[in-house]
Amino acid sequence: MIETPAQKIVDEAIVSRRSIRAFLPTPVAHEDIEAILQVAARAPSGTNTQPWKVYVLTGASKERLSAAIVAAYRDPDQVKQHAEEYSYYPSRWISPYIDRRRKVGWDLYSLLGLSRENKAGMHAQHGRNYTFFDAPVGMIFTIDRIMEQGSWLDYGMFLQNIMVAARGRGLDTCPQAAFTQFHRIIGEQLQLPANEMVVCGMALGYADPDKVENSLVTEREPVSAFVKFMD
Ligand SMILES: Cc1cc2nc3c(=O)[nH]c(=O)nc-3n(C[C@H](O)[C@H](O)[C@H](O)COP(=O)(O)O)c2cc1C
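Here the structure is a predicted model, which means the values were calculated and not measured.

A. A look at the packing of aromatic side chains. One pass over the full model with this rule turns up 12 aromatic pairs. On the numbers, 5.2 Å between centres and 55° between planes, the contact of Y73 with Y130 is tilted. Residue Y73 is located in helix α3 (residues 59-74), and its partner Y130 is located in the loop between α6 (119-127) and β2 (137-144); the two are separated by 57 residues in the primary sequence. Neither residue differs from the other here; Y73 and Y130 are each classed as buried. Judged by relative accessible area, Y130 falls into the buried class, the value being 0%. The rings of Y73, Y130, F132, F179 and F182 are connected pair by pair, giving a single aromatic cluster. Directly above the aromatic system of Y89 lies the positively charged group of R101, at a separation of 4.8 Å from the ring centroid. The positively charged end of R116 is found above the aromatic ring belonging to W106, 4.1 Å away from the centroid.

B. Spatial organisation of the packing of α3 against helix α8 (residues 183-190). Close contact between α3 and α8 brings their axes to 10 Å; oriented N to C, the two are set at 150°. On the basis of their axis angle, the class for α3 and α8 is roughly antiparallel. The handedness of the crossing between α3 and α8 comes out as right-handed. Residues R64, L65, A68, I69 and A72 of α3 form the contact with α8, whose participating residues are I185, I186 and Q189. Its residues placed into classes, the contact of α3 with α8 shows 6 nonpolar, 1 polar and 1 charged.

C. Structural context of the sheet that holds strand β1 (residues 53-57). Ordered in space as β1-β2-β4-β3, the 4 strands form an open sheet in which the pairing is antiparallel. Where the open sheet ends on each side, the last strands, each with one partner, are β1 and β3 (172-176). Each adjacent strand pair in this sheet contributes to an overall mean axis angle of 25°, direction not counted. Here β1 pairs with β2 via 5 bridges, running antiparallel. Bridge pairing in β2 places K53 opposite T142. Across the sheet, helix α2 (residues 30-40) lies against β1, β2 and β4 (196-205), angled at about 165° from β1, the strand it touches most.

D. Spatial organisation of the site of the ligand. As a matter of local geometry, the ligand sits amid 15 residues, with S19, R21, N129, A177 and R220 nearest to it. If the ligand stood free it would expose 620 Å²; the protein chains cover 75% of that surface. Sorting elements by how many residues they give to the shell around the ligand places β3 first, with 3 residues. Its residues placed into classes, the shell around the ligand shows 7 nonpolar, 4 polar and 4 charged.

E. Summary view of α3. Here α3 spans 22 Å end to end across 16 residues, near enough to the 22 Å set by a 1.5 Å rise per residue. Inspection of α3 places K62, L65, S66, I69, V70, A72 and Y73 among the buried residues, and these make up the whole buried set. For α3, the angular spread of buried residues about the axis comes to 160°, placing them on one side. Elements that come into contact with the buried residues of α3 comprise β1, α4 (76-79), α6, β2 and α8.

F. Structural detail: the side chain of N129. Mapped onto the elements of the fold, N129 is located in the loop between α6 and β2. Residue class for N129 comes out buried when judged on its relative accessible area of 10%. Excluding residues that lie within four positions of it along the chain, N129 makes contacts with Q176, A178 and F179.

G. Representation of a nonpolar patch on the surface within the structure. A cluster of nonpolar residues, V223, F226, V227 and F229, forms a patch on the protein surface that exposes about 440 Å² of accessible area. In this fold, V223 is placed in helix α9 (residues 223-226). Using a relative accessible area of 44% as the deciding quantity, one classes V223 as partly exposed.

Conventions used here
- Residues numbered from 1 in each chain as written.
- Predicted model: local features only at pLDDT ≥ 70, side-chain atom pairs only at ≥ 80, totals over all residues.
- Heavy atoms only, no water.
- Phe/Tyr/Trp six-rings, centres within 6.5 Å; stacked < 30°, edge-to-face > 60°.
- Helix = DSSP H or I, 4+ residues; strand = E, 2+ residues; numbered from the N terminus.
- Buried < 20%, exposed > 50% of the residue type's maximum accessible area, 1.4 Å probe, protein only.
- Lys NZ or Arg CZ within 6 Å of the ring centre and 35° of its normal.
- Axes fitted to C-alpha atoms, helices over the stretch in contact; angles between N-to-C directions.
- Parallel < 35°, antiparallel > 145°, perpendicular 65-115°, else oblique.
- Left-handed = near helix turned anticlockwise from the far one by under 90°.
- Contact = heavy atoms within 4.5 Å.
- Nonpolar A, V, L, I, M, F, W, Y, C, P; charged D, E, K, R; others polar.
- Pairing = 2+ DSSP bridges.
- Near = heavy atom within 4 Å.
- Areas by Shrake-Rupley, 256 points an atom, 1.4 Å probe, with all protein chains shown as cover.
- Expected span 1.5 Å × (residues − 1).
- Arc of directions from axis to C-beta.
- Patch = residues over 30% accessible without salt bridge, like charges linked within 9 Å, V, L, I, M, F, W, Y side chains within 5 Å.
- Salt bridge = Lys/Arg side-chain N within 4 Å of Asp/Glu carboxyl O.

Rendered as structure tokens:
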């Protein structure tokens, strides 16, 4: 098969995207953030509904949100008062999903030298979500509560476009469902209107190449495992 330049560039942008969990403090130019979001908004959506809304946090606004969530996350009594508004994961885990989930978790923690017994270490690592893994840009995504499941499909395409467009500019990302647990704090901090529901967060910035967690390369099943070609 002949590889065209476009194929190479597009495939490289998709394949080089990985969830990055340690960022350099290097700021991201405002024009780059805006261009990424404008490109990402070319995502298709059913009847062009464009169900996305994005809060881009840098500087003091990001610090304030992170501080408020970290304070709640560190206090076991407070944590109990925060719960997700929607289920990202199944309530009952079965194979092969649970196996993949466990594998990526242990792969990450063992890279970081965290043993299974080190609950405090794992708790601290999870807590790094709330400072957007030190990325200079944090994004919070919301959807109008009136929208149905189909719009969440559209949303996924928009999010993936952001992550791929970021790669084109040498930037990295980590999509973050961890924020959904603290949607009430996010609502207060960002003064979200009542009709907006938090979908997820995302860290955006330049990857720190020296941090071991960024060496994690996750596995994928081969096409033969999830595709049935039918003549
Ligand atoms: C919607 C969504 C939410 C996610 N939430 C988190 C999160 O809160 N924290 C985190 O460290 N990774 C999160 N991830 C990253 C996944 O763990 C990651 O995509 C998966 O392990 C595959 O690895 P890769 O992204 O490096 O290819 C999320 C991914 C998606 C798509």
